[in-house]
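# Topology and contacts: notes
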Amino acid sequence: MILNITALPGDGVGPEVTEEAIRVLETVAQSFGHELRVTRKNVGGAALLASKDPLPTDTLQACFSSNAVLLGAVGGPSFDEFPRHLRPESGLLRLRRELGVFANLRPAVLFPALEDCSPLRPEVVRGTDMLIVRELLGGLYFGEPRYTQGDPGGRIAVDTMKYSEPEIERIARVAFDLARTRLRKLTSIDKANVLDCSRLWREVVTRIGADYSDVKLSHAYVDSAAMVLAARPADFDVILTENMFGDILSDQAGGIVGSLGMLASASTGGAVSLYEPIHGSAPDIAGQGIANPLAAILSHAMMLRYSFKLLAEAACVERAVSQVLDNGHRTRDLARPGQKSITTSDMGRLVVEAAKETAAQRVAS
Ligand code: NAD
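Per chain, the residues get numbers from 1 upward, laid out in the order the sequence is written. Reporting in this predicted model follows two pLDDT cut-offs: at least 70 for local features of residues, and 80 or more for side-chain atom pairs to be given and counted; totals over whole chains, interfaces and linings ignore these cut-offs and use all residues. By convention in this description, side-chain values take in all heavy atoms of the structure and omit both hydrogens and water.

Put simply, a nonpolar core is a bunch of buried Ala, Val, Leu, Ile, Met, Phe, Trp, Tyr and Cys residues held in one set by side-chain atoms that sit within 4.5 Å of each other. Think of it in three bands: residues with accessible area under 20% of the maximum for their type are buried, residues over 50% are exposed, and the middle band is partly exposed, with areas taken using a 1.4 Å probe on protein chains only. Val133, Leu240, Met262, Met303, Leu304, Leu325 and Val351 are the most contacted members of the largest nonpolar core, which totals 95 residues. Among the elements that make up this core, the one with the highest residue count is helix α10 (residues 294-306) (eight residues). Boundary definitions for the domains trace back to an automatic or database domain assignment. Two domains each donate at least three residues to this core, and these are domain 1 (1-106 + 262-365) and domain 2 (119-256). Among all residues touching leucine 240, those that are not within four sequence positions of it are Val133, Ile171, Ala172, Ala175, Leu186, Thr187, Ser188, Ile189, Trp201 and Val205. Only DSSP runs of H or I reaching four residues or more are called helices, and only runs of E reaching two or more are called strands; each is numbered from the N terminus. The contact rule is simple, with two residues in contact once any of their heavy atoms fall within 4.5 Å.

Set out below in structure tokens:
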């Protein structure tokens, strides 16, 4: 198969983790007899510096003419004072909107070898394996009007949370369909005791749930769900939630399973799907070669599974990651006090070697 991919490494640790993930992808493609074609383009701060636009036209065109898009991360403190439309993050939001990727899938899985990396006790975190389905194109991040007005000292700022029934319905169906491939347990998270958007959300999700009587649906308020996530993370199977709640809860889930550097994501539902680690550009560690590339690598595995239906290839990447962790290798974010840590490129190299071995065993059997 020809895998025609656009890679947008972006800013900060984005290029560091993306390059390692592409190395793993090249290995798997070669081992399984596929041809990988990667076009690299700028996005975010890198694109702003090169062409004064966080999402240049040629980047978008390249994305549309490929089978899948891989993104690193965007943003950084040097862009914090830029006007909103010129911030790196607005390039990413535009990219998601242009591609029409409304369904963001964020698996938060505790690898058994990382039990002692969680801030939670092993018996609490053991068995955590949830899929957060986050609505990606609505809510506060896209609602209009949004503005800041007035004079310093008396300014007001407005953001708008807005959801339509069709927007809720389409993401709910994605989540219910995915629940059917898992434990058939879906928790819809909202703030229906306060927000109109959430009341509509709950009503529509309940209505769609009637078409999925084999899936056990429950509803939770976001504040109480955040507490349960910390107290009993293994209770969750599929979480369905709106844009901002999903953004926040998935970072919390990242902390729970050991590190933000472990959480992959797939943004689907549009013309071309987008795969990216959930973490940001991590300016505090960028350029030091110590970022954890596993979230990026696991995002590429999601791409193999969802965009190309290459299930054995995706499993090969996931098994390689698992094996490297089982062998005790840790980047700094995963290392316990006194434990040796390895660099971003060492972690990439080890996953490449493990993937080669896994692919060879498969061919032999
Ligand atoms: P962040 O996710 O970049 O970092 C949060 C913490 O996690 C930091 O301590 C960082 O060192 C650590 N971390 C993140 N990724 C890691 C990795 N792969 N390995 C090891 N440690 C890792 O969030 P932030 O600091 O709030 O944001 C930094 C910038 O990134 C901001 O400009 C923000 O807007 C942007 N951001 C971008 C995205 C994206 O591109 N999708 C997502 C979130 C934040």
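This next bit is on helix α4 (residues 88-99). Residues that lie three or four places apart on an α-helix share one face, since the helix turns once every 3.6 residues. Under the convention used throughout, the expected extent of a helix is 1.5 Å for every residue step, that is, one less than its residue count. Given a rise of 1.5 Å per residue, twelve residues ought to cover 16 Å, and the 17 Å separating the end C-alpha atoms of α4 matches this to within 8%. Listed in full, the buried residues belonging to α4 are Pro88, Ser90, Gly91, Leu92, Leu95, Arg96 and Leu99. Here the buried face of α4 lies against β1 (2-10), α2 (44-51), α3 (57-64), β3 (68-73), β5 (129-135) and β12 (273-275). Downstream of α4 by one or two residues, glycine 100 has phi in the positive range, about 75 degrees.

Glancing now at the domain arrangement of the protein chain. Per the domain assignment, the segments of the protein chain are domain 1 (1-106 + 262-365) and domain 2 (119-256). The centre of domain 1, based on its C-alpha atoms, is set 24 Å off from the matching centre of domain 2. Each side of the interface is counted separately: domain 1 has 15 residues, and domain 2 has 21 residues. Put simply, buried area is the surface a 1.4 Å probe can reach on two separate parts but cannot reach once they are joined, added for both. Buried area between domain 1 and domain 2, summed over both chains or domains, comes out near 1600 Å², and the portion from carbon and sulfur atoms is 66%. We define a salt bridge as a side-chain nitrogen of Lys or Arg found within 4 Å of a carboxyl oxygen belonging to Asp or Glu. On the surface where domain 1 and domain 2 come into contact, there are zero salt bridges.

For each residue, the test is whether any non-hydrogen atom lies within 4 Å of the molecule or strand; if one does, the residue is near. Inspection of the region around the ligand gives 20 residues, with Glu89, Gly280, Ala282, Asp284 and Asn292 positioned closest. Note on areas: Shrake-Rupley, 1.4 Å probe, and residue coverage restricted to the protein chains presented here. Burial of the ligand by the protein amounts to 70% of the accessible area it has alone, namely 810 Å². Partitioning the shell around the ligand into residue classes produces nine nonpolar, seven polar and four charged. Charged residues are taken to be Asp, Glu, Lys and Arg, nonpolar residues to be Ala, Val, Leu, Ile, Met, Phe, Trp, Tyr, Cys and Pro, and polar residues to be all remaining types, Gly included.

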